[in-house]
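Residue-level listing of the chains:
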Amino acid sequence: MPQRVDGSLRPRCILAALGIGLSAGLAGCSTSADVAYGSYQFGPDYQTGHVYESRVYGDTQRGIRAENCRTVARQVTDAFGQLSSSEETICE
């Protein structure tokens, strides 16, 4: 590769290589921002929890998207003292 007498070609090559490396490194990246809040209820022989989540995420292949999820967890004690629990998550 020819080099100029004033040395201005070498810094340009270094900057170009750095730019290509940075672009290739960011090509597979993704990012997200999550917000969650919940509520909890209980009483004789039962407990219920609700969690609401909102997620905005960016992906280089799919772009920017959003997802809203609701999770409901329940625990119930039957007449014999047996604890049963269930959890359901719904995302839109």
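Details of the structure are given in the entry above.
Every value quoted in this text rests on a predicted model; they were computed, and no experiment measured them.

A. Summary view of the pairing of strand β4 (residues 83-91). Sheet topology places strand β3 (residues 63-77) next to β4; nine bridges connect them, and they run antiparallel. Its bridge partner lying in β4, valine 76 is registered against serine 84. Where β3 folds back on β4, the antiparallel hairpin that results is connected by five residues, among which glycine 81 adopts a positive phi of roughly 85 degrees.

B. A look at the pattern of salt bridges. Under the criterion given, the structure shown has one salt bridge. Notably, a salt bridge pairs aspartate 34 with arginine 55, separated by 3.7 Å at the nearest N-O pair. Remark: arginine 55 occurs in strand β2 (residues 46-59) and aspartate 34 occurs in strand β1 (residues 30-43); sequence separation between them is 21 residues. Exposure remark for aspartate 34: the relative accessible area of 57% places this residue in the exposed category.

C. Broad picture of the environment of isoleucine 90. Summarising the element assignment, isoleucine 90 is placed in strand β4. In the structure, isoleucine 90 is positioned 38 residues away from tyrosine 52 in sequence and 9.8 Å away in space, judged by C-alpha atoms. Discounting chain neighbours no more than four positions away, the residues touching isoleucine 90 are Asn68, Cys69 and Arg70.

D. Seen up close, the state of the cysteines. Applying the stated criterion across every chain, the model contains one disulfide. Across a sulfur-sulfur distance of 2.1 Å, cysteine 69 and cysteine 91 are joined as a disulfide pair. Between cysteine 69 and cysteine 91 the sulfur-sulfur dihedral comes to about 110 degrees; the bridge is accordingly right-handed. Of this pair, cysteine 69 sits in strand β3 while cysteine 91 is found in strand β4, placing the two residues 22 residues apart along the sequence.

Thresholds applied
- Residues numbered from 1 in each chain as written.
- Predicted model: local features only at pLDDT ≥ 70, side-chain atom pairs only at ≥ 80, totals over all residues.
- Heavy atoms only, no water.
- Pairing = 2+ DSSP bridges.
- Helix = DSSP H or I, 4+ residues; strand = E, 2+ residues; numbered from the N terminus.
- Salt bridge = Lys/Arg side-chain N within 4 Å of Asp/Glu carboxyl O.
- Buried < 20%, exposed > 50% of the residue type's maximum accessible area, 1.4 Å probe, protein only.
- Contact = heavy atoms within 4.5 Å.
- Disulfide = S-S within 2.5 Å.

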